[in-house]
Amino acid sequence: MTKDTVRLGKVLFAFIGTICVFAASASAVTHYYCKYCGHKAMSVNSLTASSCQRHPNGPGAGRHALYEGGEKATYVCKYCGLKSTSIASLTSSKCQRHPNGPAKGRHEPTL
Ligand SMILES: [Zn+2]
Ligand SMILES: [Zn+2]
């Protein structure tokens, strides 16, 4: 192996390292979710711009509300402990331990 090949190898290695760091930071982009329906948006502003079909006051009766917790692998209902892999699937059904009464509202994720 010549000196030049070694140098080229180092440059390539540094280049690949840079790409990896870049890819890691790109995947760390924060998404904003609605706590009622799991709707995903790139900003709070765009999230709350449209009405929510799973709003507690009724479908379309209010806007999406920001889920203030971080992105998780598992979301847990704070009333009954039901687990789900997304807010959308967690909030797709009614909660039997909802504070307003059995099935009077949807599951709501813990923060
Ligand atoms: Zn929503
Ligand atoms: Zn629940």
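This section reports on the structure supplied with the text. Small disclaimer: the values here were computed from a predicted structure and weren't measured. (Residues numbered from 1 in each chain as written. Chains lettered and ligands numbered in written order. Predicted model: local features only at pLDDT ≥ 70, side-chain atom pairs only at ≥ 80, totals over all residues.)

### Side note on unusual backbone geometry
Part 1 of the argument: For Ala-103, which is not glycine, the phi dihedral falls at a positive 60°.
Part 2 of the argument: If you trace the backbone, Ala-103 turns up in the segment after helix 3 (87-90).
Part 3 of the argument: By C-beta crowding, Ala-103 is classed as exposed, having 12 other C-beta atoms within 10 Å. (Helix = DSSP H or I, 4+ residues; strand = E, 2+ residues; numbered from the N terminus. Buried ≥ 20, exposed ≤ 12 C-beta atoms within 10 Å, placed from the backbone.)

### Some remarks on the environment of Tyr-33
Part 1 of the argument: Locating Tyr-33 in the fold gives a position in strand 1 (residues 32-33).
Part 2 of the argument: The exposure class assigned to Tyr-33 is buried, which follows from the 24 C-beta atoms found within 10 Å.
Part 3 of the argument: Expressed as a C-alpha distance, the spacing of Tyr-33 and His-64, which sit 31 residues apart in the sequence, is 8.5 Å.

### A look at the nonpolar core
Part 1 of the argument: Core analysis: the largest hydrophobic core is formed by 12 residues, namely Tyr-33, Cys-34, Tyr-36, Cys-37, Leu-47, Cys-52, Tyr-67, Tyr-75, Cys-77, Ile-87, Leu-90 and Cys-95.
Part 2 of the argument: When near neighbours in sequence (up to four residues on either side) are disregarded, Tyr-67 contacts Tyr-33, Cys-34, Lys-35, Ile-87 and Pro-109. (Core = buried A, V, L, I, M, F, W, Y, C linked by C-beta atoms within 7 Å. Contact = placed C-beta atoms within 7 Å.)

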